[in-house]
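Residues per chain are reported as follows:
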2 protein chains.
Amino acid sequence: MEGEPTLRLRIFDLNCWAIRYLSRRRQERVRLIGDTLRHEGFDLVLLQEVWSEQDYSELKVKLANCYPFSHYFRSGVIGSGLCVFSKFPILDTLLYQYSLNGYPYMLQHGDWFCGKAVGLPGSRAGVTAPLLSPSLQLHAEYCRDKDAYLPHRLVQAWELAQFIRHTSKAADVVLLGGDLNMHPEDVGIRLLRGWTGLRDAFAEATHFEGCKNGCTLVPDNCFTNNSELLPFPLGIRIDYILYKAISSFTVKCEELKTTTGRAPGRDIPFSDHEAVMATLHIQRQGQPAGATLGTSDPALADVVTEARTEVCAGLRAARRQRYSTGRMAVLALLLLLLQAAAALGTLAGLGTEQPFPKLSFCLLAFLALGVLVLATGLHLFHTMEVKKLHGTEDQMGMVLRALQERP
Amino acid sequence: MEGEPTLRLRIFDLNCWAIRYLSRRRQERVRLIGDTLRHEGFDLVLLQEVWSEQDYSELKVKLANCYPFSHYFRSGVIGSGLCVFSKFPILDTLLYQYSLNGYPYMLQHGDWFCGKAVGLPGSRAGVTAPLLSPSLQLHAEYCRDKDAYLPHRLVQAWELAQFIRHTSKAADVVLLGGDLNMHPEDVGIRLLRGWTGLRDAFAEATHFEGCKNGCTLVPDNCFTNNSELLPFPLGIRIDYILYKAISSFTVKCEELKTTTGRAPGRDIPFSDHEAVMATLHIQRQGQPAGATLGTSDPALADVVTEARTEVCAGLRAARRQRYSTGRMAVLALLLLLLQAAAALGTLAGLGTEQPFPKLSFCLLAFLALGVLVLATGLHLFHTMEVKKLHGTEDQMGMVLRALQERP
């Protein structure tokens, strides 16, 4: 085992917060990110929230010499915002778009339009390690106390875990970097880590340097909305680098760093999130270690049960919404039919003693039509939501049975 | 190699055409399918177009003794229609919904509402073979000469191939059964087979029995729309069982059968499609055969190029539609603004010498609003379509470069 060549892999992960017209000092920050990446020479760079393809193209041109391989993942209306720059050839990519991602009518939260996804570049680092390094972002948490998106985020965490389990089987090393929008102790993170066997670089790092507790959303950052961080005076950790070795490799996290409220040597941060930088050691072992697909810990069954309970709660809420939007559509349809009957009656010469109120009649008809279209659309949407939540609950139940049957 | 135990696997695949209220003699046919499956005792049953969950539940109850393991894949508004019955435990499932699947406004074609997908049950057959057996259905072809859905179907075939490549790496055997809605020589089939290395049970079978050329949509079937089959007097083959062995196994197709226009011993067919039944021999080899992920044949580059050309044509069409819907939305917005200006002018007392035409004004405003909402929705939809087609074109380009760089 000793004496085998070691690969030292330096990874950079950042939620860039580069929304055109909305993010403050975007162009300046994207330039700064590009300069830093070029100067530092990481092996692998995973970026999220690069919403503008033009920003990606500029970065690509700037970084062409030090990161000859790159990929931008396209999805949704706006895009997935995910891109990857690599020193090693990217052999193949796969994009998995989460089946649930918020509501199209929550315009102010915008997640639905982003087509959030996990992008999977498969690459080969040196001669040692076929490497899968998904970059991803999950649905944002807008209100921790009354988190309406928790079931959606859990479905995403579950789909992500399943995606990693199914795609990683023949890889030597899996690296995952991204903004998971969950605190380290949240059920979604425990589910993801428990079900895939991924290890948290922050918890495993021999040496750590950066914000206290590895936080990546900190009050020191001038772009952070401090009112959101009031319950967490030190900040929160929602950006992660996770990893695991499969087959005959071992991975160790030598060092983990975060920026601390501003870019190194500058007075402006890269983003409203801190960057996470890890140095990993990948070494070939003498013998295959066997696939570690997940913990068989009995605690895992508890985590899956907890997640399934939340998904069930989401399913009940989605069923209520499906019902109420369906009822609204039926009522609007009835109103339209009633109006049609009244109009036909008038045409047939009934009730001619009174003048027919054309304008209010038209207004009412259009209102009913608008409500009908809207309610039908929402009904279809919530029907899909019910199907997906139900499907996830099913899958979790199947896994729970398998876990409980294990000796 | 000789003397190792052989697993004989009997597989049944059928597009059931079980659409509630629309498919003729549905309940009778579903009962017949259930009876046949119970009587024949296959090892693995892959069904498509079981759109009603009630039909699935009835089948599940009926087949509980001979197929103790089953799964129904939920997605889209109506469902995916996919379900699997198995003699062997289903350990885990994964559903991958294609990112493009027709247009929501093509109500008469309905594919968009189905959430077409590939469902992946992972099971363990006997002690020999971890088995992945995706069941799937691709977008239907409504007009072969002027096939507007070809780019969508190619994106689906590509995503399917990528999904199989990425998920199958550690499986021993991959079986794929389903209605691919493509003729055997179509570019999508050649792409799927070339890029995954899957073999066609019909071409490989030692013994074949059934409709000529393995056709599964035949004029002898009383539910088939014969006008669609006019250019193909023998029928067409669009339902497939494909397979490949990975790691240290070999798979051979001993026998392939199709029904011939009616269920065996009955005067009614199972469906408008013929059922496909394969008997496979799976044997462990002495030495690992190495993963066969796809053909490295130079012909593969030609197939990918051909598919990419079609996707590019689809991309250009999608861009035109995005542009024209965007323009329509802008025009509707301008009309609304003009009307708002006119209304404000009237309120301010301009043009009071003429009576204000309230009714036509209202009608026009509602018309403009309707067009605005519709055109904006379509614009968003075509923007997503452009992103996905562009993303697929990118991926194909990346694969082409890798293929051309290979010695």
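Residues numbered from 1 in each chain as written. Chains lettered and ligands numbered in written order. Predicted model: local features only at pLDDT ≥ 70, side-chain atom pairs only at ≥ 80, totals over all residues. Heavy atoms only, no water.

- In the nomenclature of an unreviewed UniProt entry, chain A is known as sphingomyelin phosphodiesterase of Prunella himalayana.
- Within the UniProt record for chain A, the comment given under Sequence similarities (unreviewed entry) is "Belongs to the neutral sphingomyelinase family."
- Of the comments in the UniProt record for chain A, the one headed Subcellular location (unreviewed entry) reads "Membrane". (UniProt positions renumbered as here; feature names shortened; annotations may be inferred.)

**Some details on unusual backbone geometry**
Residue and element names in this part refer to chain B.
And step 1. In the Ramachandran plot, N181 falls in the positive-phi region, its phi being about 55° despite a non-glycine side chain.
And step 2. With relative accessibility at 11%, the residue N181 sits in the buried group.
And step 3. Positive phi values are uncommon outside glycine, yet N213 reaches one of about 60°.
And step 4. Note on placement: N213 falls in the loop between β11 (207–209) and β12 (239–245). (Buried < 20%, exposed > 50% of the residue type's maximum accessible area, 1.4 Å probe, protein only. Helix = DSSP H or I, 4+ residues; strand = E, 2+ residues; numbered from the N terminus.)

**Side note on the packing of aromatic side chains**
And step 1. In this structure the tally under the stated criterion is 15 aromatic pairs over all chains.
And step 2. Here the aromatic rings of W17(B) and F223(B) are separated by 5.4 Å at their centres, their planes lie at 50°, and the arrangement is tilted. A residue pair is termed long-range when its members are at least 10 positions apart, and W17(B) in strand β1 (residues 6–18) and F223(B) in the loop between β11 and β12 qualify at 206 residues. Summarising the burial analysis for this pair, W17(B) and F223(B) share the class buried.
And step 3. What links up through ring pairs into an aromatic cluster is the set F12(A), F42(A) and F270(A).
And step 4. Here R29(A) stacks its cationic end above the ring of F223(A), 5.3 Å away from the centre of that ring. (Phe/Tyr/Trp six-rings, centres within 6.5 Å; stacked < 30°, edge-to-face > 60°. Lys NZ or Arg CZ within 6 Å of the ring centre and 35° of its normal.)

**Things to note about the domain arrangement of chain A**
Residues and elements named next belong to chain A.
And step 1. By the assigned domains, chain A splits into domain 1 (7–284) and domain 2 (298–347 + 356–405).
And step 2. Listed per partner, the contact involves 20 residues of domain 1 and 19 residues of domain 2.
And step 3. Between domain 1 and domain 2, roughly 1700 Å² of surface is buried when both sides are summed, and carbon and sulfur atoms account for 77% of that area.
And step 4. On inspection of domain 1 and its partner domain 2, the count reaches two salt bridges.
And step 5. For E159, the salt bridge goes to K388, with nearest N and O atoms at 3.9 Å.
And step 6. For the pair domain 1 and domain 2, the interface holds four residue pairs in polar contact (both at pLDDT 80 or more).
And step 7. Among the elements of the structure, α4 (150–167) and α5 (187–196) are those that each provide at least two residues to the side of domain 1 that touches domain 2.
And step 8. Ranked by residues supplied to the side of domain 1 that touches domain 2, first place goes to α4 with eight residues. (Domains from an automatic or database assignment. Contact = heavy atoms within 4.5 Å. Buried area = accessible area lost by both parts, 1.4 Å probe. Salt bridge = Lys/Arg side-chain N within 4 Å of Asp/Glu carboxyl O. Polar contact = N/O pair within 3.5 Å; in protein donor to acceptor, adjacent residues only side chain to side chain.)

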